[in-house]
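Residue strings, one per chain:
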Amino acid sequence: MDAIVALAKRRGFIFQSSEIYGGLNGFFDYGPLGSELKKNIRDCWWADMVRRRDDVVGVETSIIMHPKVWEASGHVAGFTDPLVDCKVSKQRYRADQLFFAAVVVDGKTVAYVSALESEKTTEELQSAAEALKRKKAIQGTLAPVAPKDFTEATPEEIPLIPSPATGEPGSLTPPRAFNMMFETSVGAMRDASSVAYLRPETAQGMFVDYKNVVDTGRVKLPFGIAQIGKSFRNEITPRNFIFRSREFEQMEMEYFIHPDADWLACHEEWLKWCQDWLKSIGLPESHLSLHEHPKEKLAFYSRRTVDIMFKYPFGVQELWGIAARSDYDLQQHQKFSGVPQVFFDEAAKAKVVPHVIEPAVGVDRIFLAVLASAYAVEDVKDEKGNVEQRTVLRLSPRIAPTKVAVLPLLKNKEALTNRAKALYAKLKKRYAVQYDDGGAIGKRYRRQDEAGTPWCVTIDFDTIEKEGDTFTLRERDSMSQKRITEAELFTLLEEQVY
Ligand code: ATP
């Protein structure tokens, strides 16, 4: 993970926000290569989800909405995480990410140990328990630890659980509900009536505009409304780089279906669509898995939620949630606004409130998944047969920030640079391309490998001296080279960049 964060900074993919002021925890900036890569992820999703489908339309709704929206959606009352304070260190923890275990010797609890959630939580608790037994010179047999998260701690246990910050018990508070919405106020007056929120999800924009789309969009059930945009959550513990941040971007789609439709089949179809889409932008199947939310943990209105999980360097985590939300959202907005949220069912000659299947994914989480799985450091041989290391980002051509680098073999040979510049100008009209004439050709290839550029085109002496106007096409992953004409290059790009 550290290597990926370092590459992200070195090559201008991601910077810490406000870095010159020491940064702001949970906020990030995307640099020149990062903003291209992110835009490509968004553009591919929009093309596949909206433009190439006949049953999905797009919207772009405001970030600050009427505060009643968030009352109707349940966010004002319930968009909370359980917060635990350490009174001594002033650290704050999410109770469900703070784990503890009783240290049980010969069947008796002698103390407690704690650890923050990670891939190795159980091992850490076990070794903490062993260390504690040794330190206190307790005789007897230590039972294997049984980790629980802090939301499961009883009032009697809470004072006995050590704070991860100090290692001492007695400073952790009982969990309390912490609302994650960022508050702001609208207008010149600041009082209770001016309170508004930065949206914590984009989904409500689609529900609130449902009627407008039905009235104007010539849509028929089933149909979807999609949106890409920023969301804001005051996460208690932003972490794992851009995986959990406080300002992030979501791509969500609400698919409205008839209440009598086969919702399970529709849910399955979207689940498959989302997995196929992730593979189409280059995520390896081996890193993807599914997590079915257990029935007892679903919200009361939810029929089913399945998350597509991704194997990140810090563990398997949620990437994309696909939820069957019944008609809860439209019913809530109908109730709170007093405006019917219906569809006229021609066959039954009756008004119905549609149900919803919602695939919701974070752009930044896709970005991190893409970066982590594309990153490789490998030994390669240079022209003289010496082994050297190359860093390469095996990004799919669909999303690579630069599609082609145009390289004149020599910088000071006009015949070469003129031909290279002409090709560059032509490519630039359609694709993100780079012109690079600095340094040895091998060095330039390495630079492009690290930026994830799938192809380099070298304009060499054969281009200008031989018949056919061909260039050397060097492929990033195989490093193989072949001669190619301009027309063939455009055909290749047409096929691979879509
Ligand atoms: P988590 O359990 O990880 O907090 P969630 O289940 O609350 O996520 P949803 O409300 O379902 O997430 O949001 C949909 C998608 O938005 C998530 O699958 C994820 O890709 C993305 N997302 C949610 N919270 C964040 C965040 N703080 N930073 C980056 N992406 C996020």
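Coordinates for the structure precede this section.
Residues numbered from 1 in each chain as written. Predicted model: local features only at pLDDT ≥ 70, side-chain atom pairs only at ≥ 80, totals over all residues. Heavy atoms only, no water.

## Focus on the side chain of Arg199
Mapped onto the elements, Arg199 comes out in the loop between β11 (195–197) and α6 (203–208). No salt bridge is formed by the buried Arg199; the nearest opposite charge belongs to Glu60, separated by 7.4 Å. Within polar-contact distance, the side chain of Arg199 engages the backbone oxygen of Lys230 at 2.7 Å. Not counting residues within four places of it along the chain, the set of residues in contact with Arg199 comprises Thr61, Ser62, Ile63, Trp70, Gln227, Gly229, Lys230, Ser231 and Phe232. (Helix = DSSP H or I, 4+ residues; strand = E, 2+ residues; numbered from the N terminus. Buried < 20%, exposed > 50% of the residue type's maximum accessible area, 1.4 Å probe, protein only. Lys, Arg positive; Asp, Glu negative; His and termini not counted. Salt bridge = Lys/Arg side-chain N within 4 Å of Asp/Glu carboxyl O. Polar contact = N/O pair within 3.5 Å; in protein donor to acceptor, adjacent residues only side chain to side chain. Contact = heavy atoms within 4.5 Å.)

## Let's talk about a nonpolar patch on the surface
Side chains of Ile63, Ile64 and Val186 sit close together on the surface and give an oily, nonpolar patch of about 220 Å² of accessible area. Tracing the backbone through its elements, the reader meets Ile64 in the loop between β3 (56–58) and α3 (67–72). (Patch = residues over 30% accessible without salt bridge, like charges linked within 9 Å, V, L, I, M, F, W, Y side chains within 5 Å. Areas by Shrake-Rupley, 256 points an atom, 1.4 Å probe, with all protein chains shown as cover.)

## What about unusual backbone geometry?
Glycine aside, negative phi is the norm for most residues, and most peptide bonds take the trans geometry. Geometrically, the link from Leu221 to Pro222 is a cis peptide bond, its omega value of -5° lying close to zero. With respect to the helices, strands and loops of the structure, Pro222 is situated in the loop between α7 (210–216) and β12 (223–232). For Met479, which is not glycine, the phi torsion reads 60° and is therefore positive. Relative to the elements of secondary structure, Met479 occurs in the loop between β25 (470–475) and β26 (481–485).

## Here we look at the environment of Tyr424
Its place among the elements puts Tyr424 in helix α11 (residues 414–428). In this structure, the C-alpha to C-alpha distance between Tyr424 and Val457, residues 33 residues apart in sequence, is 9.9 Å.

## Overview of the sheet that holds strand β4 (residues 80–85)
As summarised here, the arrangement of the three strands in space is β5-β4-β9, forming an open sheet in which the pairing is antiparallel. Of all the strands in the sheet, just β5 (92–94) and β9 (176–179) have a single pairing partner and so form its edges. Taken pair by pair, the neighbouring strands of this sheet meet at an average axis angle of 50°, ignoring direction. (Pairing = 2+ DSSP bridges. Axes fitted to C-alpha atoms, helices over the stretch in contact; angles between N-to-C directions.)

## Quick notes on the pattern of salt bridges
All told, the structure shown has 42 salt bridges when counted by the stated rule. One salt bridge connects Glu235 with Arg94, and the closest N-O pair in it is separated by 3.9 Å. Here Glu235 is found in the loop between β12 and β13 (247–257), whereas its partner Arg94 is found in strand β5, with 141 residues between them in sequence. The two residues Glu235 and Arg94 agree in class, both being buried. For the salt bridge of Glu292 with Arg304, the shortest nitrogen-to-oxygen distance reads 2.9 Å. Here Glu292 is found in strand β14 (residues 288–292), whereas its partner Arg304 is found in strand β15 (residues 304–312), with 12 residues between them in sequence.

## Here we look at the nonpolar core
Counting 58 residues, the largest nonpolar core has Trp45, Trp277, Trp320 and Ile366 as the members making the most contacts within it. Per element, the largest residue contribution to this core is nine residues, and it comes from helix α10 (residues 363–374). By size, the runner-up hydrophobic cluster in this structure holds 19 residues, among which are Val404, Tyr431, Val433 and Ile459. (Core = buried A, V, L, I, M, F, W, Y, C linked by side-chain atoms within 4.5 Å.)

## Looking at helix α14 (residues 486–496)
Every buried residue belonging to α14 is among Glu486, Leu489, Phe490, Leu492 and Leu493, and all of these are buried. Viewed along the axis of α14, the buried residues span an arc of 155°, placing them on a single side of the element. Exposed and facing more than 90 degrees away from the buried side of α14 are Ala487 and Glu495. As for α14, its buried residues are in contact with β22 (404–408), α11, β24 (455–459), β25 and β26. (Arc of directions from axis to C-beta.)

## Side note on the packing of helix α2 (residues 32–51) against helix α8 (residues 263–280)
Relative orientation of the contacting elements α2 and α8 amounts to 140°, with a least axis distance of 11 Å. On the basis of their axis angle, the class for α2 and α8 is oblique. The element α2 and its partner α8 pack so that their crossing is right-handed. The residues of α8 that touch α2, namely those facing Ile41, Cys44, Trp45, Asp48 and Met49, are Trp270, Trp273, Trp277 and Ser280. The class makeup of the residues in the contact of α2 with α8 is seven nonpolar, one polar and one charged. (Parallel < 35°, antiparallel > 145°, perpendicular 65-115°, else oblique. Left-handed = near helix turned anticlockwise from the far one by under 90°. Nonpolar A, V, L, I, M, F, W, Y, C, P; charged D, E, K, R; others polar.)

## Some words on the site of the ligand
Close to the ligand lie 14 residues, the nearest being Glu235, Arg244, Glu318, Leu319 and Gly362. A distance of 2.8 Å is found between a nitrogen atom of the ligand and a side-chain nitrogen or oxygen belonging to Glu235. Contact between the ligand and Phe243: a nitrogen atom at 3.3 Å from a main-chain N or O atom of the residue. For the ligand, whose accessible area on its own is 590 Å², the fraction buried by protein is 80%. Of all elements in the fold, only β13, β16 (315–324) and β19 (355–362) reach the threshold of two or more residues within the shell around the ligand. Across the shell around the ligand, the residue classes tally to five nonpolar, four polar and five charged. (Near = heavy atom within 4 Å.)

## So, the pairing of β24
With five of five residues buried, β24 lies mostly within the body of the structure. Burial of the side chains of β24 extends over both faces: Trp455, Val457 and Ile459 are buried on one face and Cys456 and Thr458 on the other. Strand direction decides the pairing type here: β22 and β24, joined by five bridges, are parallel. By the bridge assignment, Val406 is partnered in β24 with Val457. Sheet analysis places β24 next to β25, joined by four bridges and oriented antiparallel. Each bridged residue has a counterpart across the sheet, and for Cys456 the counterpart in β25 is Arg474.

## Regarding the packing of aromatic side chains
This model, assessed by the stated rule, comprises 20 aromatic pairs. Pairing Phe207 with Phe256 gives two aromatic rings, centres 6.2 Å apart and planes at 85°, and the pair type is edge-to-face. A residue pair is termed long-range when its members are at least 10 positions apart, and Phe207 in helix α6 and Phe256 in strand β13 qualify at 49 residues. As far as the burial class goes, Phe207 and Phe256 line up, both buried. One aromatic cluster in this structure is built from Phe207, Tyr210, Phe223, Phe256 and Phe343. The aromatic ring of Phe243 is capped on one face by Arg365, whose charged end is 3.7 Å from the ring centroid. (Phe/Tyr/Trp six-rings, centres within 6.5 Å; stacked < 30°, edge-to-face > 60°. Lys NZ or Arg CZ within 6 Å of the ring centre and 35° of its normal.)

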